[in-house]
Amino acid sequence: MIKRIEVGERFSEVAIHNGVAYLAGQVPTDENADAYYQTEQVLAEIDKFLALAGTDKSKILMATVYLADMNDYAEMNRAWDKWVAPQNAPPRAAVQAQLANPKWKVEIVVTAAI
């Protein structure tokens, strides 16, 4: 059985299957903020959807970070390091990518155990 959370016409924010929550790419709420604050916003969205799925950041299995510009890597990491669950840092990849909105600096996708 698959459970979906916040189902839209194009995609769901979360799909849950076999004890794993798959989150859609989360993006910032303020497209004019700098990379640090955009990352904080994205991480807050991840926390929100993980909670709706019945899990939390300590159970993240994998994270993929998409940066519009790798020059923002240090600022993204500054926010990430403050947020990540102690002793539970997940495997993570970070790549440069052209994001759907040119004002977004970061998008993060995670999967987590329930």
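Below is a summary of the structure that appears in this document. Predicted, not measured: the structure shown is a model, and the values here were computed from it. (Residues numbered from 1 in each chain as written. Predicted model: local features only at pLDDT ≥ 70, side-chain atom pairs only at ≥ 80, totals over all residues. Heavy atoms only, no water.)

**Focus: the sheet that holds strand β5 (residues 92-96)**
Taken together, the six strands give an open sheet; going across it, the order is β1-β2-β3-β6-β4-β5, and neighbouring strands pair in mixed fashion. Each edge of the sheet is formed by a strand with only one pairing partner; in this case those strands are β1 (2-7) and β5. Taking each pair of neighbouring strands and ignoring which way they run, the sheet shows an average axis angle of 15°. Summarising the sheet, strand β4 (residues 60-67) and strand β6 (residues 106-113) pair through seven bridges and their orientation is antiparallel. If you follow valine 65 over to β6, its bridge partner there is isoleucine 108. Those strands touched by helix α1 (residues 35-52) are β1, β2 (12-17), β3 (20-23), β4 and β6, and its axis lies near 25° from that of β6. (Pairing = 2+ DSSP bridges. Helix = DSSP H or I, 4+ residues; strand = E, 2+ residues; numbered from the N terminus. Axes fitted to C-alpha atoms, helices over the stretch in contact; angles between N-to-C directions. Contact = heavy atoms within 4.5 Å.)

**Brief notes about the pattern of salt bridges**
Where side chains of opposite charge bring their charged atoms close, a pairing between them can arise. Under the criterion given, the structure shown has five salt bridges. With a shortest N-O distance of 3.9 Å, glutamate 31 and lysine 103 are connected by a salt bridge. With a gap of 72 residues between them, glutamate 31 in the loop between β3 and α1 and lysine 103 in the loop between β5 and β6 connect regions that are remote in the sequence. As a salt-bridge pair, glutamate 75 and arginine 78 come within 2.9 Å of each other at their nearest N and O atoms. In this pair, glutamate 75 and arginine 78 both sit in helix α2 (residues 73-83), three residues apart, roughly one turn of the helix. (Salt bridge = Lys/Arg side-chain N within 4 Å of Asp/Glu carboxyl O.)

**Considerations on the environment of aspartate 69**
By the secondary structure assignment, aspartate 69 is in the loop between β4 and α2. Residue aspartate 69 is classed as partly exposed on the basis of its relative accessible area, which comes to 31%. A distance of 2.8 Å separates the side chain of aspartate 69 from the backbone nitrogen of asparagine 71, its partner in a polar contact. (Buried < 20%, exposed > 50% of the residue type's maximum accessible area, 1.4 Å probe, protein only. Polar contact = N/O pair within 3.5 Å; in protein donor to acceptor, adjacent residues only side chain to side chain.)

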